[in-house]
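Here is how the chains run, residue by residue.
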Amino acid sequence: MKKLLVAFAAVAAFSAHAADTLTVAATPVPHAEILEFVKPALAKEGVDLNVKVFTDYIQPNVQVAEKRLDANFFQHQPYLDEFNKAKGTNLVSVAGVHLEPLGAYSSKYKALTELPGGANVVIPNDATNGGRALLLLAKAGLIKLKDSNNILSTVKDITENTKDLKFRELEAATIPRVLTQVDLALINTNYALEAKLDPSKDALVIEGNDSPYVNILVARPDDKDSAAMQKLVAALHSPEVKAFILEKYKGAVLPAF
């Protein structure tokens, strides 16, 4: 019996050692929630998923690049491209998962046409989401840009601003906190959801399904094809995850697979 117990313990220890572990950075909503949802399925596949929650857009990439984390799930391709260029990193997309339409919100007005002259507008201060916000406002007819297809447009590229909108740039995560202090705020859906906003009801204008800003799972080139990473991709692309996204977020987040 003693030998049998020792043998069993050895097998259990081997199994624990053999199990793959993935540590993935994610912003709280919806990324971390989606990852938590797939944890049980991954465990059955021999992958222990550890979700590390961040509230900023910088450290998740930095820590993956420095091999402190295996992957992250919070950003879209244009943001990743700009980050790699600015920081000299070489992170890559592993798979597209969902779309979070960016929207414009106001606690003072119910329509863009109600915005007064000289209205205060806040947009994200990172290059891609700032440009994304300006493109949305241009599409809504509030401003005109030099190039309506340039995703890296800045306020300097505004060629027409008939309402004399006053633009202020802030870190994306902080924008919901100043919503009541400004006339219009351009907010990423993950932060809108955290702030208990309903993008499908509260946004005065929001991106359509044609948006190129699909949120992606990101890793280092040497790790993107690992067995554990591909099991994570398969779990994220499952019919169960699609149903979870549609049911939980009611159209505020859309599956992209």
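Heads up: the structure comes first, above all this text.
Notes on the structure follow.

What counts and what doesn't
Residues numbered from 1 in each chain as written. Predicted model: local features only at pLDDT ≥ 70, side-chain atom pairs only at ≥ 80, totals over all residues. Heavy atoms only, no water. Helix = DSSP H or I, 4+ residues; strand = E, 2+ residues; numbered from the N terminus. Buried < 20%, exposed > 50% of the residue type's maximum accessible area, 1.4 Å probe, protein only. Contact = heavy atoms within 4.5 Å. Areas by Shrake-Rupley, 256 points an atom, 1.4 Å probe, with all protein chains shown as cover. Lys, Arg positive; Asp, Glu negative; His and termini not counted. Charge placed at Lys NZ, Arg CZ, Asp CG, Glu CD. Core = buried A, V, L, I, M, F, W, Y, C linked by side-chain atoms within 4.5 Å. Pairing = 2+ DSSP bridges. Axes fitted to C-alpha atoms, helices over the stretch in contact; angles between N-to-C directions. Parallel < 35°, antiparallel > 145°, perpendicular 65-115°, else oblique. Left-handed = near helix turned anticlockwise from the far one by under 90°. Phe/Tyr/Trp six-rings, centres within 6.5 Å; stacked < 30°, edge-to-face > 60°. Polar contact = N/O pair within 3.5 Å; in protein donor to acceptor, adjacent residues only side chain to side chain.

### Quick notes on the overall build of the protein chain
Then, in step 1: Helix and strand content of the protein chain: nine helices and 13 strands.
Then, in step 2: Viewed in the frame of its principal axes, the protein chain has a C-alpha envelope of about 85 × 40 × 30 Å.
Then, in step 3: Buried residues in the protein chain amount to 48% of all 257 residues.
Then, in step 4: Relative to all contacts within the protein chain whose residues are 6 or more apart in sequence, the contacts with residues 24 or more apart total 73%.
Then, in step 5: For the protein chain, the accessible surface area stands at approximately 12,500 Å², while carbon and sulfur atoms represent 54% of it.
Then, in step 6: Placing the 28 positive and 30 negative side-chain charges of the protein chain at their respective mean positions leaves the two points 3 Å apart.

### So, the nonpolar core
Looking at soluble globular proteins, one finds that nonpolar side chains tend to be buried together.
Then, in step 1: One finds V24, L35, L49, L217, L232 and Y249 to be the most contacted residues of the largest nonpolar core, which totals 32 residues.
Then, in step 2: Of all elements in the fold, only strand 1 (20-26), helix 2 (28-44), strand 2 (47-53), strand 3 (71-76), strand 4 (92-99), strand 12 (214-219), helix 8 (227-236) and helix 9 (239-249) reach the threshold of two or more residues within this core.
Then, in step 3: Sequence-distant contacts of L217, defined by excluding residues within four places in its chain, comprise V24, A71, N72, F73, V92, S93, V94, A95, M229, L232, V233 and L236.
Then, in step 4: Membership of the second largest hydrophobic core comes to 23 residues, among which are L102, I158, L186 and L254.

### Observations regarding the sheet that holds strand 13 (residues 254-255)
Then, in step 1: With respect to topology, six strands assemble into an open sheet ordered 2-1-3-12-4-13, the strand pairing being mixed. With one partner strand each, in any of the chains shown, strand 2 and strand 13 form the two edges of the open sheet.
Then, in step 2: Where strand 1 meets strand 3, three bridges bridge the pair, whose relative direction is parallel. Looking at the pairing, A26 lines up with F73 of strand 3.
Then, in step 3: The strands touched by helix 4 (residues 77-87) are strand 3, strand 4 and strand 12; relative to strand 3, the strand with the most contacts, the crossing angle is about 110 degrees.

### Points about the pairing of strand 6 (residues 120-124)
Then, in step 1: Across the five residues that make up strand 6, a large majority, four, are buried.
Then, in step 2: Judged from the five bridges that link them, strand 6 and strand 9 (residues 166-170) form a sheet pairing that is parallel. Paired with V122 across the strands is R168, a residue of strand 9.

### Let's talk about the packing of helix 2 against helix 8
Then, in step 1: Running from amino to carboxyl end, helix 2 crosses helix 8 at an angle of 115 degrees, the nearest separation of the two axes being 10 Å. Looking at the two axes, helix 2 sits roughly perpendicular to helix 8. In the packing of helix 2 onto helix 8, the handedness of the crossing is right-handed. In contact with I34, L35, V38 and L42 of helix 2, helix 8 contributes K231, L232, A235 and L236.

### Details of the sheet that holds strand 9
Then, in step 1: The five strands are arranged 9-6-10-5-11 in an open sheet whose pairing can be described as mixed. The open sheet has two edge strands, strand 9 and strand 11 (205-206), and neither has a second partner.
Then, in step 2: As paired elements, strand 5 (residues 103-105) and strand 10 (residues 184-187) share three bridges and run antiparallel to each other. Pairing of G103 across the sheet is with I187, part of strand 10.
Then, in step 3: Of the strands in this sheet, strand 5, strand 6, strand 9, strand 10 and strand 11 are in contact with helix 5 (residues 127-139), which crosses strand 6 at around 135 degrees.

### Thoughts on the packing of aromatic side chains
Then, in step 1: Per the counting criterion, the structure on display carries seven aromatic pairs.
Then, in step 2: Taking 6.0 Å as the distance between ring centres and 75 degrees as the angle between the ring planes, the aromatic pair formed by F74 and Y79 counts as edge-to-face.
Then, in step 3: Relative accessible area serves as the criterion here: at 3%, F74 is assigned to the buried category.
Then, in step 4: By relative accessible area, which is 7% here, Y79 ends up buried.
Then, in step 5: Ring geometry for F244 against Y249: centres 6.2 Å apart, planes inclined by 90 degrees, an arrangement best described as edge-to-face.
Then, in step 6: Since its relative accessible area comes to 7%, Y249 is described here as buried.
Then, in step 7: Chaining the aromatic ring pairs together yields one cluster made of Y57, F74, Y79, F83 and Y191.

### Notes on the environment of Q230
Then, in step 1: Position of Q230 relative to the elements: it lies in helix 8.
Then, in step 2: Look at Q230 and you get partly exposed, because its relative accessible area is 35%.
Then, in step 3: A sequence separation of 18 residues divides Q230 from P212, and the C-alpha atoms of the two residues are 23 Å apart.
Then, in step 4: In this structure, Q230 is in contact with V94, K224 and D225, ignoring residues within four places of it in sequence.
Then, in step 5: Of the polar contacts made by the side chain of Q230, one reaches the backbone oxygen of K224; its length is 2.8 Å.

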